[in-house]
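Residues per chain are reported as follows:
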Amino acid sequence: MAGPTQTLQRIVLTLHKRFPFSPAFRLYYRAAAALYARSCRRRFPNIRRILPRRGQTRKGWVPGASDLDFGVVIAACEPAAEAAFLARFWAHYARWKVLLPILGEIQIVDEEELRSIQAVPALRLKEYRPDRAPAQGWRLRWECLGEALFSCLHLLQQTYFGAAAGSPPPDFGVKISKGLADVLRHVQAADLGRPPAERCAFLLPDPLGVERARAREICVRALRDLDASCRRFVADSRAAGLVDETGPGPEPWPRDVAEEQAMLWNGRLKIFDEDPGYPKVRGFYYDSVYRWLVVGDADEPEALTRLLSKLETFPRENDVFRAPAWVLSPAAFQVLLWTVHLGTPFFYYALNPELPLPNTAARRRSRFAVESWAQRAQWRMKAGDFLPPPERFLRYGAESATASLALSLRLFGQAGWAGDNIYRLLF
């Protein structure tokens, strides 16, 4: 049964395009944002700026489908003083969250960190550098495909597979449509080498008419468009000489794993080998947030649709498969190895079986799944199937990951070490 928050959200999403509800809902959101920002400035004099983020800054913003997200810039201070401020700030946030459930994610940085962030031309940081020139050339294409991959992950994991159990939430159709738009606009930008268009530039399915079958079709379209763009990007990178293909071949990735869950997945995936109606499943990867990355061909839309439909049934058959899946084509997985995944720009090297296990320098290297970066892998693929990341992509990744890390250190009361220390290593 839907709670009061979900019921209210359903009403807003149903009426937001109708007069006079549309201007009324927008007025409510703007008033709520202004009241919260005013309260923060009055209570915390060390706050220098409060910036709107994400949905509030885009055309076609839909009340009810987006939370109120902010970036808060504070004066730099001693760690003890900052820790005291964070405790009070997040307690204040919790009280306002009760009154305004639409309050979303808040990122906090100090003024010194902000200057370092503004030097990084990352798409995800553009709200903090509105007057700076956007990324161009290879950097822009790399950034756009990284965002397309993230959008596809969120579309499948959080929205499609996340809503597989029980009745879909009120915003299911909206999130499916938004996810498709984000994949398409970033894929288009990567192909054309220009900044991504707004979501409203794309003709999208009516969110209120998106059911499970229609959502599956949308996910297949997103996967196939992403696959095509990743193929072009890899081919262009190789043609431009960015990829070093003259070095020694990589060590083979491990094929065995001392992990019961992974073995169950390996056995379950054999059903796709036995039925010709499914795409070829090349391998799968179990990451540190308990998510399964299933790598399969995306050539045939009907086969890909069957794969998604079958993966959707896994959690109902065994609790081992409760972890959501993310389906990728081999080309998309190749680009994932070149971009930032799980906060690390060195994803490709984290899979190298020759890397020592963390904190076990004296321990022998394992012949089983790689545990570097707290990740485990199980492969039907060979390391030689994938190319190492170009040096410039590693540099892009280090810059973007470091800047994003600074924006995450203080989330929800988790005070961390001074973010500008790591910036000095890079800038």
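Computed from a predicted model, the values in this text were never measured in an experiment. (Residues numbered from 1 in each chain as written. Predicted model: local features only at pLDDT ≥ 70, side-chain atom pairs only at ≥ 80, totals over all residues. Heavy atoms only, no water.)

Considerations on the overall build of the chain
So, point 1. For the chain, the count of helices and strands is 13 helices and seven strands.
So, point 2. Taken over 427 residues, the chain has a buried fraction of 50%.
So, point 3. Considering only contacts in the chain between residues 6 or more positions apart, those separated by 24 or more positions represent 73%.
So, point 4. Approximately 20800 Å² of the chain is accessible, and the part contributed by carbon and sulfur atoms is 53%. (Helix = DSSP H or I, 4+ residues; strand = E, 2+ residues; numbered from the N terminus. Buried < 20%, exposed > 50% of the residue type's maximum accessible area, 1.4 Å probe, protein only. Contact = heavy atoms within 4.5 Å. Areas by Shrake-Rupley, 256 points an atom, 1.4 Å probe, with all protein chains shown as cover.)

Digging into the packing of aromatic side chains
So, point 1. Summed over the entire model, instances satisfying the criterion amount to 19 aromatic pairs.
So, point 2. Arranged with centres 5.7 Å apart and planes meeting at 50°, the rings of Phe 44 and Phe 89 form a pair that is tilted. Of the two residues, Phe 44 is situated in the loop between helix 2 (21–43) and strand 1 (47–53) and Phe 89 in helix 3 (residues 79–99); the sequence distance between them amounts to 45 residues. A single burial state applies to Phe 44 and to Phe 89, both of which are buried.
So, point 3. Centre to centre, the rings of Phe 85 and Phe 89 are 5.6 Å apart; their planes meet at 40°, and the pair counts as tilted. Of the two residues, Phe 85 and Phe 89 are both situated in helix 3; the distance of four residues between them amounts to about one turn of the helix. Side by side, Phe 85 and Phe 89 carry an identical accessibility label, which is buried. (Phe/Tyr/Trp six-rings, centres within 6.5 Å; stacked < 30°, edge-to-face > 60°.)

Observations concerning the environment of Tyr 285
So, point 1. By secondary structure assignment, the location of Tyr 285 is in strand 4 (residues 281–286).
So, point 2. Of the residues examined, Tyr 285 reaches a relative accessible area of 0% and is grouped as buried.
So, point 3. Measuring from C-alpha to C-alpha, the distance between Tyr 285 and Trp 326 comes to 9.7 Å, with 41 residues separating the pair along the chain.

Brief notes about helix 5 (residues 137–161)
So, point 1. Compared with the 36 Å implied by 1.5 Å per residue over 25 residues, the 35 Å span of helix 5 between its first and last C-alpha is a close match.
So, point 2. Among the 25 residues of helix 5, 19 are classified as buried, and the element is accordingly described as predominantly covered. (Expected span 1.5 Å × (residues − 1).)

Comments concerning helix 10 (residues 330–338)
So, point 1. Where burial is concerned, most of helix 10 is hidden: eight out of the nine residues are buried.
So, point 2. Turning to helix 10, its buried residues number three or more, namely Ala 331, Ala 332, Phe 333, Gln 334, Val 335, Leu 336, Leu 337 and Trp 338.

Examining the nonpolar core
In summary, soluble globular proteins display a tendency toward joint burial of nonpolar side chains.
So, point 1. With 73 residues, the main nonpolar core has Leu 156, Leu 226, Trp 265, Leu 308, Leu 311, Trp 326 and Phe 333 as its most contacted residues.
So, point 2. Sort the elements by how many residues they give to this core and helix 5 lands first, with twelve residues.
So, point 3. Among the nonpolar cores identified, the runner-up in size contains 24 residues, and Tyr 29, Ile 74, Phe 85 and Phe 89 belong to it. (Core = buried A, V, L, I, M, F, W, Y, C linked by side-chain atoms within 4.5 Å.)

Remarks on the pattern of salt bridges
So, point 1. Taken as a whole, this structure holds 17 salt bridges when the rule is applied.
So, point 2. The shortest N-O distance in the salt bridge between Glu 312 and Arg 212 comes to 3.0 Å. One end of the pair, Glu 312, is in helix 9 (residues 301–317); the other, Arg 212, is in helix 7 (residues 212–239), with 100 residues separating them in the sequence. This pair shows no difference in class: Glu 312 is buried, exactly as Arg 212 is. (Salt bridge = Lys/Arg side-chain N within 4 Å of Asp/Glu carboxyl O.)

A short note on the packing of helix 7 against helix 10
So, point 1. Between helix 7 and helix 10, the least distance of the axes is 8 Å, while the angle of their chain directions is 60°. Classified by the angle between their axes, helix 7 and helix 10 sit oblique to one another. Judged by the sense of rotation from one axis to the other, the crossing of helix 7 with helix 10 is left-handed. Of the residues in helix 10, those in contact with Leu 226, Asp 227, Cys 230, Arg 231, Phe 233, Val 234 and Ser 237 of helix 7 are Ala 331, Ala 332, Gln 334, Val 335 and Trp 338.
So, point 2. Tallied by class, residues from the contact of helix 7 with helix 10 come to eight nonpolar, two polar and two charged. (Axes fitted to C-alpha atoms, helices over the stretch in contact; angles between N-to-C directions. Parallel < 35°, antiparallel > 145°, perpendicular 65-115°, else oblique. Left-handed = near helix turned anticlockwise from the far one by under 90°. Nonpolar A, V, L, I, M, F, W, Y, C, P; charged D, E, K, R; others polar.)

Examining the confidence of the model for the chain
So, point 1. Summarising the model, the chain shows a mean pLDDT of 77, and 73% of its residues fall at 70 or more.
So, point 2. Here residues 353–379 scores under 50 on pLDDT; set against residues more than four positions off or in separate chains, the count is 67 contacts. (pLDDT = per-residue confidence, 0-100.)

Some details on the sheet that holds strand 2 (residues 68–74)
Strand pairing within a sheet occurs via backbone hydrogen bonds; the two strands may be parallel or antiparallel.
So, point 1. Strands sit in the order 1-2-3 across an open sheet of three strands; the sheet is mixed. In the strand order of this sheet, the two ends are held by strand 1 and strand 3 (103–110), each with one partner. On average, adjacent strands in this sheet sit at an angle of 20° to one another, irrespective of strand direction.
So, point 2. Alignment of strand 1 against strand 2, held across six bridges, turns out to be antiparallel. Within the sheet, the bridge partner assigned to Arg 49 lies in strand 2 and is Val 73. (Pairing = 2+ DSSP bridges.)

Quick notes on the state of the cysteines
So, point 1. Tallying each qualifying case throughout the model produces zero disulfides.
So, point 2. You can see Cys 230 has no disulfide; the closest cysteine sulfur is in Cys 152, sitting 9.0 Å from it. (Disulfide = S-S within 2.5 Å.)

Section: the pairing of strand 3
So, point 1. Within strand 3, seven of the eight residues are buried, leaving the element largely enclosed by the surrounding structure.
So, point 2. Taken together, the six bridges between strand 2 and strand 3 define a ladder with parallel strand orientation. Pairing of Gly 71 across the sheet is with Gln 107, part of strand 3.

Regarding the side chain of Arg 53
So, point 1. With respect to the element layout, Arg 53 can be found in strand 1.
So, point 2. Judged by its relative accessible area of 4%, Arg 53 falls in the buried class.
So, point 3. Engagement of the side chain of Arg 53 in a polar contact is seen with the backbone oxygen of Phe 70, the distance being 3.5 Å.
So, point 4. If we ignore the near neighbours within four places in the chain, the residues touching Arg 53 are Asp 69, Phe 70, Gly 71, Glu 105, Gln 107, Glu 127 and Tyr 128. (Polar contact = N/O pair within 3.5 Å; in protein donor to acceptor, adjacent residues only side chain to side chain.)

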